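# Commentary on secondary and tertiary structure
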Amino acid sequence: MRLQYPPSVRIIEVPCTGKVDVMHLLMAFEYGADGVIVVGCMEGECHYSVGNLYAKKRVNRVKEILDKVGVGGERLAMYNLSSGMGGRFAEIIREITEKVMELGPSPIRVATGKATRPIAEVTT
Amino acid sequence: MIKAVPKPLEEVLDLVKDFTKVLIAGCDGCVTVCEAGGLKEAKVLASALRLYFTQAGRQAQIDEISLTRQCEKEYLAQLSDKMDAYDAVVSLACGCGVQYMAEMYNNKIIYPGVDTCFLGVNEERGLYSERCQACGRCILAETGGICPIARCSKRMLNGPCGGSDAGRCEINKDIPCGWELIYERLKTLGQLDRFEKPVDPKDWTTSRDGGPRKIVREDLRI
Amino acid sequence: MSVTTPSKLQKMIASGNLAVTSEVGPPRSADGAVIEHKGNLIKDYVDAINVTDNQTSVCRVCSLACCIRLKLMGLEPVLQMVTRDRNRIALQSDILGAASFGINNMLCLTGDHQHFGDHPTCANVFDLDSIQLIQTVKMMRDEGRLLGGFEFAVRPQMFIGAAANPFAGPNVAMRVSRLAKKVAAGVQFIQTQCIYNLDKFKEFMKLMVDRGLHEKVAILAGITPLKNVGMAKYMQKRVPGLEVPDSVVRRIGGVPKEKQAEEGITLAVEQIQELKEVEGVRGFHIMAIEWEEKVPGIIDRAGLYPRPQLA
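Worth saying up front: this structure is predicted, and the values here are computed from it rather than measured.

## As for unusual backbone geometry
- Of note, the amide linkage connecting Gly159 of chain B to Pro160 of chain B takes the cis form, showing an omega dihedral of -5°.
- Checked against the element boundaries, Pro160 of chain B lands in the loop between helix H6 (148-151) and strand S8 (168-169).
- Residue Pro306 of chain C is reached from Tyr305 of chain C by a cis peptide bond, and omega for that bond is 0°.
- Among the secondary structure elements, Pro306 of chain C is positioned in the segment after helix H11 (295-301).
- Not every positive phi belongs to a glycine, and Ala134 of chain B is a case in point at roughly 50°.
- Turning to its location among the elements, Ala134 of chain B is positioned in the loop between strand S7 (127-132) and H6.

## Some details on the pattern of salt bridges
- Tallied over the full model, the rule gives 38 salt bridges over all chains.
- Note that Asp14 of chain B is salt-bridged to Lys17 of chain B, the shortest N-O span being 2.9 Å.
- Lys17 of chain B sits in the partly exposed class, given a relative accessible area of 30%.
- In this structure, Asp142 of chain C and Arg141 of chain C form a salt bridge, with 2.7 Å as the shortest nitrogen-oxygen distance.
- Here the salt bridges share partners, and the residues they tie into one network are Glu30 of chain A together with Arg50 and Glu64 of chain B.

## So, the sheet that holds strand S4 (residues 88-91) of chain B
Residues and elements named next belong to chain B.
- One open sheet holds the four strands; their spatial order is S3-S2-S4-S5, and the pairing between them is parallel. Strand pairing shows two members of the sheet lacking a second neighbour, strand S3 (61-67) and strand S5 (109-112), which therefore form its edges. Direction aside, neighbouring strands of the sheet carry axes that sit 25° apart on average.
- Here S4 runs beside S5; their pairing, made up of four bridges, is parallel. Across the sheet, the residue bridging to Ala88 is Ile109, located in S5.
- Most of the contacts of helix H3 (residues 39-55) go to S3, to which it runs at about 175°, and overall it touches strand S2 (21-27), S3 and S4.
- The strands touched by helix H5 (residues 95-104) are S2, S3, S4 and S5; relative to S5, the strand with the most contacts, the crossing angle is about 180°.

## Some remarks on the interface of chain B and chain A
- Listed by partner, the interface residues are 15 residues for chain B and 20 residues for chain A.
- Carbon and sulfur atoms supply 68% of the area that chain B and chain A bury against each other, a total of about 1,400 Å² over both sides.
- Sorting the residues of chain B by area buried against chain A places Val44, Leu51 and Gln55 of chain B first, and these three jointly supply 39% of that buried surface.
- Between Lys40 of chain B and Asp21 of chain A there is a salt bridge whose closest N-O contact spans 2.9 Å.
- In this assembly, chain B and chain A are joined by five residue pairs in polar contact (both at pLDDT 80 or more).
- Secondary structure elements with two or more residues in the side of chain B that touches chain A: helix H1 (9-16) and H3 of chain B.
- Considering every element that reaches the side of chain B that touches chain A, the biggest residue donor is H3 of chain B, with 10 residues.

## Let's talk about the interface of chain C and chain B
- Each partner contributes residues to the interface: chain C has 35 residues there, and chain B has 27 residues.
- Of the roughly 2,500 Å² buried between chain C and chain B on both sides combined, carbon and sulfur atoms contribute 50%.
- Counting across the chain C and chain B interface gives one salt bridge.
- Residue Glu196 of chain B is joined to Arg211 of chain C by a salt bridge in which the shortest nitrogen-to-oxygen separation is 2.7 Å.
- Our count for the contact surface shared by chain C and chain B stands at 24 residue pairs in polar contact (both at pLDDT 80 or more).

## Details of the pairing of strand S9 (residues 172-176) of chain B
All names here are of chain B.
- Where S8 and S9 come together, two bridges link them in antiparallel fashion. Counted as the bridge partner of Arg168 is Pro176 from S9.
- Where S8 folds back onto S9 in an antiparallel hairpin, the turn is made up of two residues.

## Focus on the nonpolar core
- Judged by nonpolar contacts, the single largest core of 70 residues is most densely connected at Met106, Phe201, Met208, Leu275 and Phe284 of chain C.
- Excluding residues that lie within four positions of it along the chain, Leu275 of chain C makes contacts with Ile195, Leu198, Phe201, Ala221, Ile223, Val281 and Phe284 of chain C.

## Some points on the state of the cysteines
Residue and element names in this part refer to chain B.
- Within the structure shown, the criterion is met by zero disulfides over all chains.
- Cys161 takes part in no disulfide bond, and the closest cysteine sulfur, belonging to Cys152, lies 6.3 Å away.
- Accessibility expressed as a relative area gives 16% for Cys161, which makes it buried.
- Counting only cysteine sulfurs, Cys161 is the nearest neighbor of Cys169, a cysteine outside any disulfide, at a range of 6.8 Å.
- Using a relative accessible area of 13% as the deciding quantity, one classes Cys169 as buried.

## Notes on the arrangement of the chains
- With two pairs of chains in contact overall, the contact-richest pair is chains B and C.
- These two, chain A and chain C, are apart from each other, with no contact and a minimum C-alpha gap of 28 Å.

## Observations regarding the sheet that holds strand S2 (residues 48-51) of chain C
All names here are of chain C.
- Strand order in the closed barrel formed by eight strands is S1-S2-S3-S4-S5-S6-S7-S8, with parallel pairing between adjacent strands. Adjacent strand axes in the sheet meet at a mean angle of 30° when their direction is disregarded.
- In terms of strand pairing, strand S3 (residues 77-82) meets strand S4 (residues 105-109) through four bridges, oriented parallel. Note on S4: the bridge partner recorded for Leu79 is Met106.
- Sitting on the sheet, helix H2 (residues 33-42) is in contact with strand S1 (19-24) and S2, with an inclination near 155° to S1.
- Across the face of the sheet, helix H3 (residues 63-72) comes into contact with S1, S2 and S3 while running at roughly 175° to S3.

## Some remarks on the environment of Ala48 of chain B
- Here Ala48 of chain B is to be found in helix H3.
- For Ala48 of chain B, a relative accessible area of 1% puts it in the buried group.
- Residues Ala48 of chain B and Glu184 of chain B, spaced 136 residues apart in sequence, show a C-alpha to C-alpha distance of 48 Å.
- Look past the residues within four positions of Ala48 of chain B in its chain and what remains in contact with it is Ile65 and Val69 of chain A together with Leu9 of chain B.

## Looking at a nonpolar patch on the surface
- On the surface, Val50, Leu53 and Tyr54 of chain A cluster together into a nonpolar patch covering about 220 Å² of accessible area.
- Inspection of the secondary structure puts Tyr54 of chain A in helix H2 (residues 51-68).

## Considering the domain arrangement of chain B
- Split by domain assignment, chain B resolves into domain 1 (2-118) and domain 2 (137-209).
- Distance from the C-alpha centre of domain 1 of chain B to the C-alpha centre of domain 2 of chain B: 38 Å.

About the thresholds
- Residues numbered from 1 in each chain as written.
- Chains lettered and ligands numbered in written order.
- Predicted model: local features only at pLDDT ≥ 70, side-chain atom pairs only at ≥ 80, totals over all residues.
- Heavy atoms only, no water.
- Helix = DSSP H or I, 4+ residues; strand = E, 2+ residues; numbered from the N terminus.
- Salt bridge = Lys/Arg side-chain N within 4 Å of Asp/Glu carboxyl O.
- Buried < 20%, exposed > 50% of the residue type's maximum accessible area, 1.4 Å probe, protein only.
- Pairing = 2+ DSSP bridges.
- Axes fitted to C-alpha atoms, helices over the stretch in contact; angles between N-to-C directions.
- Contact = heavy atoms within 4.5 Å.
- Buried area = accessible area lost by both parts, 1.4 Å probe.
- Polar contact = N/O pair within 3.5 Å; in protein donor to acceptor, adjacent residues only side chain to side chain.
- Core = buried A, V, L, I, M, F, W, Y, C linked by side-chain atoms within 4.5 Å.
- Disulfide = S-S within 2.5 Å.
- Patch = residues over 30% accessible without salt bridge, like charges linked within 9 Å, V, L, I, M, F, W, Y side chains within 5 Å.
- Areas by Shrake-Rupley, 256 points an atom, 1.4 Å probe, with all protein chains shown as cover.
- Domains from an automatic or database assignment.

Written out as structure tokens, the structure is:
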């Protein structure tokens, strides 16, 4: 299965979305990410039982913070997919890329004059 | 332990929006346990403020730190060589920590970053409830180990009132009737005789009513 | 029960006649004529008139001022006092003030939480609770002493009352137990919560009689006529610690809307007739909420009028 998705996306693998912390998401935006998605297992199918539910809560919290600080919560989203849904994954990446293109560069990159540079690596 | 909740982000933004150098100071004590003001919360708040200033096109220095306890001078002293670098500090400690920091750094603006709520327990993660009002004269021995001052909405010493309904308080069905809990526990302990003995008016001088309180322990002081 | 104060209510209870009290709610404005009017409506039908104290935590003319007004009209007021809004200094001060005008009856209450009222953001006091207020009045009357220890000569001659709610949680036995505590504190008469579940009330009274508590305190059964089925449902669902059986709701709802008020009054009259026979019931407290004009009719139909004239 050779699925195509836009190359502007950087994938960061974690053992479980339960590992994704509020700080990881905020730092991604501080470093200039235009958009971030968290992709976890289907709800009710977490290997660690509730990791993806924690992730959902954290994503919602960060969306709220992004709205309040003027970055915009719509730049962050969470999706739940199973391992057999590669096609849907590629589709989501295409959709989100399109959405972020529509939103334009993040206010952080615009304000720091880095809007033309590639997105930096997140290293928290 | 002391329980607190983070202040709404917009309230903190409003406090610090006119500064350019701000320190977010967490506390590793009580507020860390209830996830309101520890190092992690300090990092999140600092990051949020950085995003805010950056998107607004403002150069700002927002740093975070967390002290072992902000209610002790020794730990607050760790900030002494850092304070000059900042216009203001947002302390995520309880009200005690915020005030003690302000007392120690008299010329510095110190803002609270959490709302201090009560003395309570961790029922589970994210669920904290009040148990003690620090009245200064504990009566738990008489009330089956359940405090009517903290747990009855009318702090009655001779409850329950007529609003107790199916074990719930009249003001909110989510609040268990403190006096019904006391009655049941006294029954379990075989101490129901205590229930019918009127309790005299309380001496509130050791509570907030006696003015700001102080403990002087001569046995501990040099 | 011997007469120990100049209270006419106490005299009536001591005489062995069924006592009748009712209550008036003060207005939410400085209009003093309201209490005068309400007092005049019921004065010939009752032995004493309660004046509520900022009931349901809604700010109104103070009970003390209204009681003084009734007293000056030659009526017999019962000063209701809640501990929610005043500390022990203010409570004792008001008791002395009431007594200075010859007010001889008090009803000691803790009071509804301010959460229900028109000032939910206010601080509350609750320095004392109802039982401690009973203790306080008793000490002032019998020992001529304030809680702070000060001794004084002219003592307030108060007939001390309180409330009891047989229907609140957790069970009837505990409610009797709590009333026993009020008796131990010195209460002399009780006006109960509105009774709709007569069986439960009788169970309560039986436990009272079994313990001999009915000899130590006069129980006045609380009666509130229902205006319509909406009120019945509201009382059933929304008022904490009140029990309205479905049969009552069905009965009021079972007649056409324009006849529901009459049915409510008939029900109240029947309840009084039935409760007259219950051992330990020494009278009735009619609480017609903003419906004071119906009180005379209820008392008349229940065979409690004319009121006995005592020397």
